[in-house]
Amino acid sequence: RCRHDELVKSENNTLSVQGNDKTLDDISDPVYICARQSEYSFELSSTLDFSPKNEGQEAGLSMLSDNMHHFDLFKTVRDGNPLIVLRKRIDDICTEETFDVTSDTVHLKISGDETKYYFNFTDQEKTINAGWTFNKHLSSSCTSSANTGAMAGLFVVGDCQAAFINPLYHNE
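What counts, and at which threshold
- Numbering of residues begins from 1 in every chain and follows the order in which that chain's sequence is written.
- This being a predicted model, a pLDDT of at least 70 is required before a residue's local features are given, and a value of 80 or more before pairs of side-chain atoms are given or counted; all residues contribute to the totals for chains, interfaces and linings.
- The basis for every side-chain value is the complete set of non-hydrogen atoms in the structure, without hydrogens or water.
- Only DSSP runs of H or I reaching four residues or more are called helices, and only runs of E reaching two or more are called strands; each is numbered from the N terminus.
- The globule rule used for comparison is 2.2 Å times the number of residues to the exponent 0.38, while the radius of gyration itself is calculated over C-alpha atoms.
- Residue contacts are defined here by distance: any two heavy atoms, one from each residue, within 4.5 Å place the two residues in contact.
- For the area figures, the Shrake-Rupley method with a 1.4 Å probe applies, and any residue is considered shielded solely by the protein chains shown.
- Cysteine sulfur atoms that pair up within 2.5 Å are treated as a disulfide.
- Strands are treated as partners if at least two bridges between them are detected by DSSP.
- Fitted lines through C-alpha atoms serve as axes, helices being fitted only where they are in contact, and the angles separating the N-to-C directions of these axes extend from 0 to 180 degrees.
- Counted as a polar contact is a pair of N or O atoms within 3.5 Å, where, for protein atoms, one must be capable of donating a hydrogen and the other of accepting one, and residues adjacent in sequence contribute only when both atoms are in side chains.
- Between the rings of Phe, Tyr and Trp (Trp by its six-membered ring), a pair exists once the centres lie within 6.5 Å; its type follows the angle of the planes, with under 30 degrees stacked, over 60 edge-to-face, and the other angles tilted.
- Each residue gets one of three labels from its accessible area relative to the maximum for its type: buried under 20%, exposed over 50%, partly exposed in between, using a 1.4 Å probe on protein chains only.

**With respect to the overall build of the chain**
Counting its secondary structure elements, the chain contains one helix and 13 strands. Beginning at the N terminus, the succession of helices and strands in the chain can be written as β-β-β-β-β-β-β-β-β-β-β-α-β-β. The C-alpha atoms of the chain give a radius of gyration of 15 Å, which matches the 16 Å a tight globule of 172 residues would have. With respect to the principal axes defined by its C-alpha atoms, the chain has extents near 40 × 35 × 35 Å. Considering only contacts within the chain whose residues lie at least 6 apart along the sequence, 58% involve residues at least 24 apart. When the accessible surface of the chain is totalled, it reaches about 8800 Å², and 46% of it is carbon and sulfur.

**Considerations on the state of the cysteines**
Applying the stated criterion across every chain yields a total of zero disulfides. The thiol of cysteine 160 is unpaired, and the distance to the nearest cysteine sulfur, on cysteine 34, comes to 18 Å.

**Let's talk about the sheet that holds strand 10 (residues 116–123)**
Taken in spatial order, the seven strands of this open sheet run 1-2-13-4-9-10-11, and their pairing is antiparallel. Edge positions in the open sheet fall to strand 1 (8–11) and strand 11 (126–134), since each of these has one partner strand only. Each adjacent strand pair in this sheet contributes to an overall mean axis angle of 20°, direction not counted.

**A look at the environment of leucine 64**
Tracing the backbone shows leucine 64 in strand 5 (residues 58–66). Separated by 32 residues in sequence, leucine 64 and tyrosine 32 place their C-alpha atoms 9.7 Å apart. Leaving out residues up to four positions away in the same chain, leucine 64 has contacts with Leu24, Tyr32, His69, His70, Leu138, Gly149, Ala150 and Met151.

**Some remarks on the environment of threonine 47**
Take threonine 47: it is sitting in strand 4 (residues 42–49). As a C-alpha pair, threonine 47 and proline 167 span 120 residues in sequence and 7.0 Å in three-dimensional space. Here threonine 47 is in contact with Thr105, Val106, His107, Ala163, Phe164 and Ile165, once residues within four sequence places are set aside. For threonine 47, the side chain forms a polar contact with the side chain of histidine 107, separated by 3.0 Å.

**Quick look at the packing of aromatic side chains**
Applying the stated criterion to the full structure yields seven aromatic pairs. Residues phenylalanine 42 and tyrosine 117 carry aromatic rings whose centres are separated by 5.9 Å and whose planes lie at 75° to one another, so their mutual orientation is edge-to-face. You can see phenylalanine 42 sitting in strand 4 and its partner tyrosine 117 sitting in strand 10, a full 75 residues away along the chain. Here the two residues phenylalanine 42 and tyrosine 117 agree in accessibility, since each one is buried. Look at tryptophan 132 and phenylalanine 134: their rings are 5.0 Å apart centre to centre, the planes differ by 85°, and that puts the pair in the edge-to-face class. Judged by relative accessible area, phenylalanine 134 falls into the partly exposed class, the value being 35%. Chaining the aromatic ring pairs together yields one cluster made of Phe42, Phe71, Tyr117, Phe119 and Tyr169.

Have a look at this one:
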């Protein structure tokens, strides 16, 4: 995968990120800024200012092992309606749960413990538990991948720009 520093600008605790035509399912060059998950207990969070105009435009957070093994919490638009989506991709199985949102700005959070990942978002000061999954699905023993571990990060898909305000990754 190639670096695309020209797609990211940092100013005043905000990362402005320009997407491209690659998704996290693609093998090459999605726009994904990440750090290796180094401990079971962690938090990945950011306030997201994003107003998708077209279907296929996405911005959010992801736990990723490779292009066939990732869990994504993101904002998008479908049928003209803004949504938060929790996508779980494991090999050829992909599930999605959708949640209506009313604000351009939402707060996204993924946290973990010894066995699970938890996905939450806040819209209009209301926190929603979007779901959870077992973290073992991203382990190298389950993915049969050359990758050596899960990455925690943010991503943007499509010809659009998103602002990640006060992005945070820390071990607890």
